[in-house]
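Residue strings, one per chain:
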Amino acid sequence: RDVAVTGVQTCALPICPSREIARKYTSSDRLGVSGALNGGLLVGAVTQHRPDLFAVAWPAVGVMDMLRFDQFTAGVFWRDEYGTPANADHFPFLF
């Protein structure tokens, strides 16, 4: 979900990586991020959009292939939450 990725980038979280770096509390080479399930999806998306923020990322059990997720394991049950790539209205949000 792009809103969640944007939230991390614009610091809508209690700990904002870019703000902490700007304040010299830390640096990107000392930061790591991890998340599982939907958090893993978020970690994967954030590290794609802003690879400069973290030295290491651990996206555990995240759905990384949003264009084929519904073809594997339990992905068919996630269509209600994520949408489906086969639907032209959903495709731009998944892509």
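Note that the coordinates shown come from a computational prediction; the quantities given were computed from them, not determined experimentally.

Asks: An account of a nonpolar patch on the surface is requested, with residue identities and associated values reported.
Replies: A cluster of nonpolar side chains, Val76, Phe77 and Trp78, forms an exposed patch at the surface whose accessible area comes to about 310 Å². Summarising the element assignment, Phe77 is placed in the loop between β2 (56–60) and α4 (79–82). According to the relative accessible area criterion, Phe77 is exposed, its value standing at 67%.

Asks: Outline unusual backbone geometry, supporting the account with residue identities and numerical values.
Replies: The backbone of Lys24 shows a phi angle near 65°, a positive value even though the residue is not glycine. Residue placement: Lys24 occurs in the loop between α2 (17–22) and β1 (32–36). Positive phi values are uncommon outside glycine, yet Leu37 reaches one of about 60°. Secondary-structure assignment places Leu37 in the loop between β1 and α3 (38–49).

Asks: Account for the side chain of Thr84, naming residues and giving values.
Replies: For Thr84, the position within the fold is in the loop between α4 and α5 (91–94). A polar contact is formed between the side chain of Thr84 and the side chain of Asp70, at a distance of 3.3 Å. Ignoring sequence-local partners within four residues, the contact set of Thr84 consists of Asp70, Arg79, His90, Phe91 and Leu94.

Asks: Give a detailed account of the pattern of salt bridges, specifying residues and quantitative values.
Replies: For the structure shown, the criterion picks out 4 salt bridges. Between Arg19 and Glu20 there is a salt bridge; the shortest N-O distance is 3.6 Å. Judged by its relative accessible area of 27%, Arg19 falls in the partly exposed class. Overall, Glu20 belongs to the buried group, its relative accessible area being 16%. The partner of Arg68 in a salt bridge is Asp65, with the nearest N and O atoms 2.6 Å apart.

Asks: Tell me about the nonpolar core, and name the residues and values.
Replies: In this structure, Leu41, Val63, Met66, Phe69, Tyr82 and Leu94 together form the largest nonpolar core, which totals 6 residues. Not counting residues up to four positions away in its chain, the partners in contact with Val63 are Leu41, Phe69, Trp78 and Tyr82.

Asks: So, the pairing of β2: which residues are in play, and what are the values?
Replies: Sheet topology note: the β1/β2 ladder contains 5 bridges and is parallel. Looking at the pairing, Val33 lines up with Ala57 of β2. Between the parallel pair β1 and β2, the chain is carried across by α3, and the sense of this crossover is right-handed.

Conventions used here
Residues numbered from 1 in each chain as written. Predicted model: local features only at pLDDT ≥ 70, side-chain atom pairs only at ≥ 80, totals over all residues. Heavy atoms only, no water. Patch = residues over 30% accessible without salt bridge, like charges linked within 9 Å, V, L, I, M, F, W, Y side chains within 5 Å. Areas by Shrake-Rupley, 256 points an atom, 1.4 Å probe, with all protein chains shown as cover. Salt bridge = Lys/Arg side-chain N within 4 Å of Asp/Glu carboxyl O. Helix = DSSP H or I, 4+ residues; strand = E, 2+ residues; numbered from the N terminus. Buried < 20%, exposed > 50% of the residue type's maximum accessible area, 1.4 Å probe, protein only. Polar contact = N/O pair within 3.5 Å; in protein donor to acceptor, adjacent residues only side chain to side chain. Contact = heavy atoms within 4.5 Å. Core = buried A, V, L, I, M, F, W, Y, C linked by side-chain atoms within 4.5 Å. Pairing = 2+ DSSP bridges. Right-handed = clockwise from strand over helix to strand, strands pointing away.

Such coordinate-based values are descriptive only and should not be taken to indicate function.
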